[in-house]
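The residues making up each chain are set out below.
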Amino acid sequence: VQLQASGGGLVQAGGSLRLSCVASIRGFSAFSVYQMAWYRQAPGKQRELVGTITTGGTTNYADSVKGRFTISRDNAEKTVYLQMNSLKAEDTAVYYCKADMATMTFWGQGTLVTVSS
């Protein structure tokens, strides 16, 4: 599985961005069987979980983004989205998508989000 994240950029505090992560899958497994997640890594900090979406569409979020960020998925398009609203300077980070299926984990390359205050 190869994951391509996009949609990052520079935005003012209070603004919105939508990140996308498109999966390219070899073999017979469908995108729908992968649990997806978004992580982020701010400069000088460890990578942290932003949120997850299960194969059934159930979502969970870190407390720091709850109520502001929304994860969704389009299995037909093999894409997971991260809608980010009311952005804050502390949301500045490289955002990564991750796919999990059984014992396999795949990471995307990351997309940079910079929020100016």
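Each chain has its residues counted from 1, running along the sequence as written. Confidence filtering applies because this is a predicted model: local features only for residues at pLDDT of at least 70, side-chain atom pairs given and counted only at 80 or more, and all residues used for totals across whole chains, interfaces and linings. To obtain the side-chain values, all non-hydrogen atoms of the structure were used and water was disregarded.

1. Things to note about the side chain of Lys-98
So, point 1. To qualify as a helix, a DSSP run of H or I must reach at least 4 residues; to qualify as a strand, a run of E must reach at least 2; elements of each kind are numbered from the N terminus. Tracing the sequence through the fold places Lys-98 in strand β9 (residues 93-101).
So, point 2. Sequence-distant contacts of Lys-98, defined by excluding residues within four places in its chain, comprise Leu-3, Gln-35, Met-36, Ala-37, Tyr-39, Thr-105, Phe-106 and Trp-107. By definition in these notes, contact holds between two residues if any of their heavy atoms fall within 4.5 Å.

2. Focus: the pattern of salt bridges
So, point 1. We define a salt bridge as a contact between a side-chain nitrogen of Lys or Arg and a carboxyl oxygen of Asp or Glu at a distance within 4 Å. With the rule as written, the count across this model stands at five salt bridges.
So, point 2. Between Asp-63 and Lys-66 there is a salt bridge, with its nearest N and O atoms 3.1 Å apart.
So, point 3. Exposed residues in this analysis have more than 50% of their type's maximum accessible area, buried residues have under 20%, and partly exposed residues fall in between, with area computed by a 1.4 Å probe over protein chains only. Residue Asp-63 is classed as exposed on the basis of its relative accessible area of 67%.
So, point 4. We note a salt bridge from Asp-100 to Lys-98, for which the minimum N-O separation is 2.4 Å.
So, point 5. Overall, the relative accessible area of 10% leaves Lys-98 in the buried class.
So, point 6. Through salt bridges that share partners, Arg-40, Glu-48, Arg-68 and Asp-91 make up one connected network.

3. Section: the state of the cysteines
So, point 1. Cysteine sulfur atoms are paired as a disulfide whenever they come within 2.5 Å of each other. Applying the stated criterion across every chain yields a total of one disulfide.
So, point 2. The disulfide that involves Cys-21 links it to Cys-97, with 2.0 Å between the sulfurs. Negative torsions about the S-S bond denote left-handed disulfides, and the value of about 65° found for Cys-21 with Cys-97 makes this one right-handed. One end of the pair, Cys-21, is in strand β3 (residues 17-24); the other, Cys-97, is in strand β9, with 76 residues separating them in the sequence. An identical accessibility class is assigned to Cys-21 and Cys-97; each is buried.

4. Some words on the packing of aromatic side chains
So, point 1. A pair of aromatic rings is counted whenever rings of Phe, Tyr or Trp (Trp by its six-membered ring) have centres within 6.5 Å, and the orientation is called stacked for planes under 30 degrees apart, edge-to-face for over 60 and tilted otherwise. This structure, assessed with the given rule, holds three aromatic pairs.
So, point 2. On the basis of an interplanar angle of 65° and a centroid distance of 6.4 Å, the ring pair of Tyr-34 and Phe-106 is categorised as edge-to-face. On the criterion of sequence distance, the pair formed by Tyr-34 in the loop between β3 and β4 (35-41) and Phe-106 in strand β10 (residues 104-107) is long-range, its members being 72 residues apart.
So, point 3. Owing to a relative accessible area of 3%, Tyr-34 belongs among the buried residues under this scheme.
So, point 4. Summarising the aromatic geometry, the rings of Tyr-96 and Trp-107 are spaced 6.5 Å apart at their centres and angled 85° between planes, so their arrangement reads as edge-to-face.

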